[in-house]
Amino acid sequence: MNIKPEEVSAIIRQELQQHDTELRTRGVGQVLQVGDGIARVYGLSDAMAGELIEFPGGVMGMALNLEEDNVGCILLGSDADIHEGDTVHTTGRIVQVPVGLPMVGRVVTALGQPIDGKGPITANEFRATEATAPNVIQRQPVKEPLQTGLVAIDSMIPIGRGQRELIIGDRQTGKTAICVDAILNQKGKGVYCIYVAVGQKQSTVAQVVRTLEQYGAMDYTIVVASTASDPASEQFLAPYAGCAMGEFFRDNGMHALVVYDDLSKHAVAYRQVSLLLRRPPGREAYPGDIFYLHAHLLERAAKLSDELGGGSLTALPVIETQLGDVSAYIPTNVISITDGQIYLEPDLFFAGVRPAVNVGISVSRVGGNAQIKAMKQVAGRLRLDLTYYYELQAFAQFASELDAATKAQLNRGERLVEMLKQPQYRPLPVEEQVMLIWMGTNGFLDDLAVADVRHFADGYLTFMRQRHNDITTEILEKKALSDELLDRLKAASVEYKAEFKA
């Protein structure tokens, strides 16, 4: 074998050129204690808050407590193979999740790993779960509507792009149903949706995913699932992961809607983690920074200024109350952070009013600026009629004789409540909502039997679609009701009523 000296020297020269002389350091520590999804580590003096810590077996942890003599970590995986004395390493990375269009249509964990059996996700971009919310200069006021397709909400408690609207109520009162309907109604409107399930049953999440697939909504939706069987650490991270995925669309000039279902369970998961890390408990044993936790998350929802692309991230946080107690700790916290709340009342729900929105307590503080003019023209009268109805209803139970005006107000209110009932998974476009409300508040229902109202309303919308599509189209295009258009709408409504009674 003939070895040429020039070949050897060329290889050595090439290796010397490629030799990396940069010195890399990484912290090394030892596990002092492990259990209940928590590990205490000695020796990581250079660890950052929120940094990923690598444990044996590829399990990652997140540094939460930076104490003088040890670091408290929450484990993002099983602690079965981690033992006292094991060596751990810092990574220099903050917790990140994959973001971008490849995530759309997928069901992922709080760490962005797919769990839908559709293969790996080839995302090119990652974002830290923790991010600073846009400042005052980077935002602009809420001015574009984000319609849910639910008449009671879009008319009286409107939501705008970039808003944070709380959905609050007892368990089993239709909170998730409103969120799912809002997602279904974004079809074809250029809004990407992120549904974050925190502490839900796996069967419940599977049902939501099945519904979204059935109605074609998974084409623009990401589902982040951190179910009741997942560790508290993952339930704590899930909303931040969902928010980071939504921020990708917001920061690239697109629009996104993120649903946190629900933040009560998120607070419970954080309380569990904090107590295990020996953080001092406060009111109801929640740690002192629980308010900051939710404020920090929800402030990231915003409508960005036109200079930054004008993208938006709208948040629909969900809170579960106990026996309607909206003055409990977590509900009052989140109410004070958000731009309004939709309160779902159990009594209305069990009386068959669905969505069971309590118009008196529910409010949208900024959504009115985002309503189209046509909706504003008809919605004010609807809210007044319903408010009078609920006030008079309380007195009418005790009054033996009522005057004609009171009877007429009760009569109309009863029929308006019936008109606002809406089957699940059947959101209505805004132009049809406007026509329906106008027809209801202008007395076309007053002489009908209550049992016929729903049938009449459904038939009316079908009639307008088929015979007077020009009116529907004009409301959609002009977004306002002119006198001439109102005359045509009145004539069409009179025509339908005559046909219905015939």
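Note that the coordinates shown come from a computational prediction; the quantities given were computed from them, not determined experimentally.

Basis of the calculations
- Residues numbered from 1 in each chain as written.
- Predicted model: local features only at pLDDT ≥ 70, side-chain atom pairs only at ≥ 80, totals over all residues.
- Heavy atoms only, no water.
- Helix = DSSP H or I, 4+ residues; strand = E, 2+ residues; numbered from the N terminus.
- Buried < 20%, exposed > 50% of the residue type's maximum accessible area, 1.4 Å probe, protein only.
- Contact = heavy atoms within 4.5 Å.
- Areas by Shrake-Rupley, 256 points an atom, 1.4 Å probe, with all protein chains shown as cover.
- Lys, Arg positive; Asp, Glu negative; His and termini not counted.
- Charge placed at Lys NZ, Arg CZ, Asp CG, Glu CD.
- Salt bridge = Lys/Arg side-chain N within 4 Å of Asp/Glu carboxyl O.
- Expected span 1.5 Å × (residues − 1).
- Bend = angle between axes of the 7 residues up to and from the residue.
- Polar contact = N/O pair within 3.5 Å; in protein donor to acceptor, adjacent residues only side chain to side chain.
- Core = buried A, V, L, I, M, F, W, Y, C linked by side-chain atoms within 4.5 Å.
- Disulfide = S-S within 2.5 Å.
- Phe/Tyr/Trp six-rings, centres within 6.5 Å; stacked < 30°, edge-to-face > 60°.
- Lys NZ or Arg CZ within 6 Å of the ring centre and 35° of its normal.
- Pairing = 2+ DSSP bridges.
- Axes fitted to C-alpha atoms, helices over the stretch in contact; angles between N-to-C directions.

## Thoughts on the overall build of the chain
Next up, step 1: Check the secondary structure of the chain and you find 15 helices and 16 strands.
Next up, step 2: Counting only C-alpha atoms and orienting by the principal axes, one finds that the chain spans roughly 105 × 55 × 40 Å.
Next up, step 3: For the chain, the residues scored as buried account for 53% of the 502 residues in total.
Next up, step 4: Residue pairs at least 24 apart in sequence account for 74% of intrachain contacts in the chain once pairs closer than 6 positions are excluded.
Next up, step 5: Total accessible area computed for the chain in this model is approximately 22,900 Å², and 52% of it derives from carbon and sulfur atoms.
Next up, step 6: Distance between charge centroids for the chain: 5 Å, based on 47 positive and 62 negative side chains.

## A few points about unusual backbone geometry
Next up, step 1: In this model, D261 is joined to D262 through a cis peptide bond whose omega is 0°.
Next up, step 2: In this fold, D262 is placed in the loop between β13 (255–261) and α6 (263–276).
Next up, step 3: Here R354 and P355 are connected by a cis peptide whose omega angle stands at 5°.
Next up, step 4: Note that P355 resides in the loop between α9 (346–350) and β16 (363–364).
Next up, step 5: Positioned with a positive phi, D36 is a non-glycine residue whose angle comes to about 60°.
Next up, step 6: Secondary-structure assignment places D36 in the loop between β1 (28–35) and β2 (38–42).
Next up, step 7: One non-glycine residue, A285, lies in the positive phi region at around 70°.
Next up, step 8: You can see A285 is positioned in the loop between α6 and α7 (290–298).

## What about the pattern of salt bridges?
Next up, step 1: A full pass over the atoms with the stated rule returns 31 salt bridges.
Next up, step 2: R300 is the salt-bridge partner of E247, the closest N and O atoms lying 2.9 Å from each other. Taken together, the residues span a long stretch of sequence, with E247 in helix α5 (residues 232–251) and R300 in the loop between α7 and β14 (312–320) at a distance of 53 residues. In terms of burial, E247 and R300 fall into one category: buried.
Next up, step 3: Note that D447 and K501 form a salt bridge whose closest N and O atoms lie 2.7 Å from each other. Within this pair, whereas D447 is found in the loop between α12 (430–441) and α13 (450–467), its partner K501 is found in helix α15 (residues 483–501), the two being separated by 54 residues in sequence.
Next up, step 4: Exposure remark for D447: the relative accessible area of 46% places this residue in the partly exposed category.
Next up, step 5: For K501, a relative accessible area of 53% gives the class exposed.
Next up, step 6: When salt bridges with common partners are traced through the structure, they connect E125, R127, E247, R250, D251 and R300 into a single cluster.

## Remarks on α5
Next up, step 1: In this model α5 runs 30 Å from its N-terminal to its C-terminal C-alpha over 20 residues, within 8% of the 28 Å that 1.5 Å per residue would give.
Next up, step 2: Most pronounced at A238, the bend in α5 amounts to some 35°, and the proline P239 follows within four residues.
Next up, step 3: Burial analysis of α5 places 19 of its 20 residues in the buried class, the great majority of the element.
Next up, step 4: Phi for G253, located one or two positions after α5, is positive at around 75°.

## Topic: the side chain of S155
Next up, step 1: Within the secondary structure, S155 sits in helix α2 (residues 151–156).
Next up, step 2: Judged by relative accessible area, which is 4%, S155 ranks as buried.
Next up, step 3: Polar side-chain contacts of S155 include one of 2.6 Å to the backbone oxygen of V151.
Next up, step 4: Not counting residues within four places of it along the chain, the set of residues in contact with S155 comprises Q371, M375, A379, L382 and I437.

## Topic: the nonpolar core
As a rule of thumb, soluble globular proteins bury nonpolar side chains together.
Next up, step 1: By size, the foremost hydrophobic cluster in this structure holds 79 residues, and its most contacted members are I183, L212, I342, L436 and Y460.
Next up, step 2: Non-local contacts of L436, meaning those with residues more than four positions away in its chain, are made with V151, M419, L428, A457, Y460 and L461.
Next up, step 3: Residues L52, M60, L111 and Y270 belong to the second largest nonpolar core, which totals 60 residues.

## Digging into the state of the cysteines
Next up, step 1: Evaluation of the coordinates by the stated rule reveals zero disulfides.
Next up, step 2: C179 provides the cysteine sulfur closest to C193, a residue in no disulfide bond, and the two sulfurs are 11 Å apart.
Next up, step 3: Given the relative accessible area of 1%, C193 is considered buried.
Next up, step 4: Of all cysteine sulfurs, the one in C193 lies closest to C243, which takes part in no disulfide; the gap is 14 Å.
Next up, step 5: When its relative accessible area of 1% is taken as the criterion, C243 is described as buried.

## What about the packing of aromatic side chains?
Next up, step 1: Throughout the structure, instances matching the rule amount to 14 aromatic pairs.
Next up, step 2: Ring geometry for Y192 against F249: centres 4.4 Å apart, planes inclined by 10°, an arrangement best described as stacked. Here F249 lies in helix α5 and Y192 lies in strand β11 (residues 191–198), a separation of 57 residues in the sequence.
Next up, step 3: Here F249 falls in the buried class, since its relative accessible area comes to 0%.
Next up, step 4: Summarising the aromatic geometry, the rings of F248 and F249 are spaced 5.3 Å apart at their centres and angled 80° between planes, so their arrangement reads as edge-to-face.
Next up, step 5: Overall, F248 belongs to the buried group, its relative accessible area being 10%.
Next up, step 6: Following the ring pairs from residue to residue traces out a cluster consisting of F456, Y460, F463, Y496 and F500.
Next up, step 7: Over the aromatic face of Y286 sits the side chain of R271, whose NZ or CZ is 4.3 Å from the ring centroid.
Next up, step 8: Above the plane of the ring of F349 lies R354, whose end atom (NZ or CZ) is 4.0 Å from the centre.

## Comments concerning the sheet that holds strand β8 (residues 107–108)
Next up, step 1: With mixed pairing, eight strands are arranged side by side in an open sheet as β8-β12-β11-β13-β14-β10-β15-β16. Both outer strands of the open sheet, β8 and β16, are each paired with one neighbouring strand and no more.
Next up, step 2: Pairing geometry for β11 and β13, over seven bridges, is parallel. Of the residues in β13, the one forming a bridge with C193 is L257.
Next up, step 3: This element, helix α8 (residues 329–337), spans β10 (166–169), β14 and β15 (340–344) of the sheet and lies at about 155° to β10.

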